[in-house]
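# Reading the structure
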Amino acid sequence: MSIAAAEILPDKRVTSFVKERRKLLIDGKWVDAASGKTFPVQNPATGEVIAHVAEGDRQDIDRAVKAARRAFESGAWPRLTPSERGRLVWKLGDLILENLEELAELESLDNGKPVTVARAADVPLAADLFHYMAGWATKIEGNTIQLSVPYAPGVKFHAYTLREPVGVVGQIIPWNFPFLMAAWKLGPALATGCTVVLKPAEETPLSALRLGELILEAGFPDGVVNIVTGFGETAGAALAAHPGIDKVAFTGSTEVGKLILQAAVNDLKKVSLELGGKSPNIVLRDANLDIAIPGAASAIFFNHGQCCCAGSRLFVQQSIFDKVVEGVADRAKQIKVGPGLDPDTEMGPMVSESQFNRVCGYIESGLSEGAKAVAGGRKRDGKGYFVEPTVLVDTTPDMKVIREEIFGPVVTAIPFKELDDDLVRAANDTVYGLASAVWTKDISKAHSLAGKLKAGTVWINCYNIFDAALPFGGYKQSGFFFFNVKESIEIYTQKKSVCAAL
Ligand code: NAI
Ligand code: MG
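On a predicted model such as this, the values are computed, not experimentally measured, just so you know.

## What about the sheet that holds strand β6 (residues 157-165)?
- Pairing within the open sheet is antiparallel, and its 3 strands lie in the order β5-β6-β20. One side of each edge strand has no neighbouring strand; the edge strands of this open sheet are β5 (144-145) and β20 (493-501).
- In this structure, β6 lies alongside β20, joined through 9 bridges in antiparallel fashion. Each bridged residue has a counterpart across the sheet, and for Thr 161 the counterpart in β20 is Ser 497.

Rendered as structure tokens:
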């Protein structure tokens, strides 16, 4: 990494956005936190403070929930037709595309991810999600039901179901895809007619705040979307526990997911959780290695391994193990690590010092327990939270690097003899169940394995393929409920049965 590269300046619109102290969006207005407090936001490529953001807490959450309740129950929002609501959601998608470059640079500056990735993936996917969800606003339907009530002989009934918006939703999102996660959460909530209090991650609050400006520009009524920046233990916890919230949607660590569930118990709030992963990525001996090797590398190194679905346990059939590991290790050594805003950068820094320390701690733990690094494995000195892309071999199933989510560019490569029950058991031997992949030319083997893997997604000869129309969710401790598509319309609506005697 060259010093000049670290000093690449963002677009003027980004510079002026970060220069101003950013406020909370409550009831259609930008306001300071009740406490007047702010917190600093860092550029993870340098560790320097780039912005100051209002530090929302319990009182601000309470104001935001009340605004969201008012907006849900009265005013312009519930009076809009589904078509009008859908058009607002569509317009938000358009505004994102119109501001694509600025949003990509802001995301890169705040999160550390390469601007080339934010420009090609994060921001267009977010726009696409709003465009996709806009169409659902007019397609929310119930059904009619034929009754045969045994104790009401001769009575005819007209029975049907309605789907109504679930209400005021608290949404808590992580820092790995800050803008895209905001879109994933807001899209279905807005399409169904809910109102929202969104709490972005404290590491990366900036792009959600810019999105707040676009929400106002699109013309959403006041209070429909409220954005409260602040810390998890304070603002996040207050949101999850607030009695005025009907549903909580959370993406983040499994540990905090459990706290969210506990906080929801008192009022039996609806909860949807998208949590961690330790996904098996399986390469069979008949795989096309020209695609499997770069695919396995990208499965773990995309977004610096800070992906809930990262292919962090790479299972490779014995006879091709050395070749695949060497190929992935070569790729790891070639990856250009640098500041996200450098157009040549392929991998940026970890999002924060604590994530950097966490990932380095896992690498040290693996090495001290006897694993060997065939690429990376060393701490990088100097400014910024950069971690070397790392490939570990000689692991055992009980090591922390095998059992726990690292959430960094660290893959463990594990040989296996045959495609048998032992392989399936090893692949499923994790508390998580988010994603998985199989690389093979034999479609029968691929589909047979797909049926046995306990994971919400199975990719075959590809990895990290996302689409607004493709469901995404988890088995086991990776969470519940699927996201995107029809399922998210279902989890943001409440079913109601209506039964009339004729
Ligand atoms: P986290 O789960 O603490 O943070 C995610 C969000 O939850 C943030 O908005 C945070 O402010 C909020 N939060 C934290 N504590 C809360 C609480 N008590 N009540 C309500 N909200 C709360 O994740 P963290 O600490 O940033 O990262 C730790 C590890 O979690 C990572 O190393 C990774 O393993 C995992 N993680 C998984 C993600 C995923 O996409 N599945 C995303 C982020 C982290
Ligand atoms: Mg945390």
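## Side note on the site of ligand 1
- With respect to spatial proximity, 27 residues lie near ligand 1, and among them Ile 173, Trp 175, Glu 202, Ser 253 and Arg 358 are the closest.
- Side-chain polar atom of Trp 175 to an oxygen atom of ligand 1: 2.6 Å apart, as the coordinates give it.
- Starting from 800 Å² of accessible surface for ligand 1 in isolation, the protein chains cover 90%.
- Those elements that place two or more of their residues in the shell around ligand 1 are α10 (232-241), β10 (247-251), α11 (254-265) and α14 (353-368).
- Of the residues that constitute the shell around ligand 1, the class distribution is 14 nonpolar, 8 polar and 5 charged.

## Topic: the packing of helix α12 (residues 289-301) against helix α13 (residues 318-334)
- Look at α12 against α13: their axes get within 9 Å of each other, and the N-to-C directions meet at 55 degrees. Between α12 and α13, the interaxial angle falls into the category oblique. The way α12 lies across α13 gives a crossing that is right-handed. Between α12 and α13, the residues in contact are Leu 289, Ile 293, Ala 296, Ala 297 and Phe 301 and Ile 320, Lys 323, Val 324, Gly 327, Val 328, Arg 331 and Ala 332, respectively.
- Considered class by class, the residues forming the contact of α12 with α13 number 9 nonpolar, 1 polar and 2 charged.

## Thoughts on the packing of aromatic side chains
- Overall, the coordinates contain 10 aromatic pairs when judged by the stated rule.
- On the basis of an interplanar angle of 40 degrees and a centroid distance of 6.3 Å, the ring pair of Phe 356 and Tyr 385 is categorised as tilted. With Phe 356 in helix α14 and Tyr 385 in the loop between β14 (372-375) and β15 (390-393), the pair connects residues that are 29 residues apart, well separated along the chain.
- Exposure remark for Phe 356: the relative accessible area of 9% places this residue in the buried category.
- Taking the centre distance of 5.7 Å and the plane angle of 80 degrees together, the rings of Trp 459 and Phe 466 count as edge-to-face.
- Taking relative accessible area as the criterion, Phe 466 reaches 26% and is therefore assigned partly exposed.
- Cluster of aromatic residues (ring-pair linked, three or more members): Trp 184, Trp 459, Tyr 463, Phe 466 and Phe 472.

## Here's the deal with the nonpolar core
- Ranked by size, the top nonpolar core spans 110 residues in total, and within it Ile 96, Phe 220 and Val 283 carry the most contacts.
- Ignoring sequence-local partners within four residues, the contact set of Phe 220 consists of Trp 77, Leu 88, Val 89, Leu 92, Leu 190 and Ile 215.

## Topic: helix α3 (residues 58-73)
- For α3, built from 16 residues, the straight-helix expectation of 22 Å at 1.5 Å per residue is met to within 8% by its first-to-last C-alpha distance of 22 Å.
- Here α3 has its buried residues at Asp 60, Ile 61, Ala 64, Val 65, Ala 67, Ala 68, Ala 71 and Phe 72. Along the axis of α3, the buried residues cluster in a sector spanning 160 degrees; they form a single face. The exposed set on the far side of α3, more than 90 degrees from its buried face, consists of Arg 58, Gln 59 and Glu 73.
- Two residues or fewer past α3, Gly 75 is found with a positive phi of approximately 85 degrees.

## Description of the pairing of strand β17 (residues 435-439)
- β17 sits mainly inside the fold: 5 of its 5 residues count as buried.
- Judged by which residues are buried, β17 turns out to be covered on both faces: Ala 435, Ala 437 and Trp 439 on one side and Ser 436 and Val 438 on the other are all buried.
- Where strand β12 (residues 280-283) meets β17, 3 bridges bridge the pair, whose relative direction is parallel. Each bridged residue has a counterpart across the sheet, and for Ile 282 the counterpart in β17 is Val 438.
- Bridge count between β17 and strand β18 (residues 457-460): 4 bridges; the pairing is parallel. Residue pairing across strands places Ser 436 opposite Val 458, the latter belonging to β18.
- Each parallel crossover has a hand, and for β17 linked through helix α17 (residues 443-452) to β18 it is right-handed.

## Digging into the pattern of salt bridges
- Across all of its chains, the model carries 25 salt bridges by this definition.
- Here Arg 210 ties to Glu 213 by a salt bridge, and the two come within 2.7 Å at their closest N and O atoms. Of this pair, Arg 210 and Glu 213 both sit in helix α9 (residues 206-218), 3 residues apart, which is roughly one turn of that helix.
- Here the residues in one salt-bridge network are Arg 22, Glu 102, Arg 210 and Glu 213, joined through shared partners.

## Section: α10
- By the burial criterion, the buried members of α10 are Ala 235, Gly 236, Ala 238, Leu 239 and Ala 240.
- On its buried side, α10 packs onto α3, β7 (168-172), β8 (195-199), β10 and α11.

## Considering the sheet that holds strand β16 (residues 410-416)
- Strand order in the open sheet made by the 7 strands is β14-β15-β16-β13-β12-β17-β18, with mixed pairing throughout. Edge positions in the sheet fall to β14 and β18, since each has one partner strand and no second. Direction aside, neighbouring strands of the sheet carry axes that sit 25 degrees apart on average.
- Contacting β12, β17 and β18, α17 crosses the sheet at an angle of about 170 degrees to β18.

## Section: a nonpolar patch on the surface
- A surface patch of nonpolar side chains, about 250 Å² in accessible area, is lined by Leu 261, Phe 480 and Phe 481.
- Here Leu 261 is to be found in helix α11.
- Residue class for Leu 261 comes out partly exposed when judged on its relative accessible area of 34%.

## Quick word on the side chain of His 242
- Within the fold, His 242 resides in the loop between α10 and β10.
- Not counting residues up to four positions away in its chain, the partners in contact with His 242 are Ile 61, Asp 62, Val 65, Asp 267 and Lys 269.

## A short note on the packing of helix α2 (residues 12-19) against helix α6 (residues 100-111)
- Contact geometry for α2 and α6: axes closest at 9 Å, N-to-C directions at 55 degrees. Judged by the inter-axis angle, α2 sits oblique to α6. Crossing of α2 over α6 shows right-handed handedness. Two secondary-structure elements touch here, α2 through Arg 13, Val 14, Phe 17 and Val 18 and α6 through Glu 101, Glu 102, Glu 105, Leu 106 and Leu 109.
- Taken together, the residues that form the contact of α2 with α6 break down as 5 nonpolar, no polar and 4 charged.

Reading the values: the criteria
- Residues numbered from 1 in each chain as written.
- Chains lettered and ligands numbered in written order.
- Predicted model: local features only at pLDDT ≥ 70, side-chain atom pairs only at ≥ 80, totals over all residues.
- Heavy atoms only, no water.
- Pairing = 2+ DSSP bridges.
- Helix = DSSP H or I, 4+ residues; strand = E, 2+ residues; numbered from the N terminus.
- Near = heavy atom within 4 Å.
- Polar contact = N/O pair within 3.5 Å; in protein donor to acceptor, adjacent residues only side chain to side chain.
- Areas by Shrake-Rupley, 256 points an atom, 1.4 Å probe, with all protein chains shown as cover.
- Nonpolar A, V, L, I, M, F, W, Y, C, P; charged D, E, K, R; others polar.
- Axes fitted to C-alpha atoms, helices over the stretch in contact; angles between N-to-C directions.
- Parallel < 35°, antiparallel > 145°, perpendicular 65-115°, else oblique.
- Left-handed = near helix turned anticlockwise from the far one by under 90°.
- Contact = heavy atoms within 4.5 Å.
- Phe/Tyr/Trp six-rings, centres within 6.5 Å; stacked < 30°, edge-to-face > 60°.
- Buried < 20%, exposed > 50% of the residue type's maximum accessible area, 1.4 Å probe, protein only.
- Core = buried A, V, L, I, M, F, W, Y, C linked by side-chain atoms within 4.5 Å.
- Expected span 1.5 Å × (residues − 1).
- Arc of directions from axis to C-beta.
- Right-handed = clockwise from strand over helix to strand, strands pointing away.
- Salt bridge = Lys/Arg side-chain N within 4 Å of Asp/Glu carboxyl O.
- Patch = residues over 30% accessible without salt bridge, like charges linked within 9 Å, V, L, I, M, F, W, Y side chains within 5 Å.

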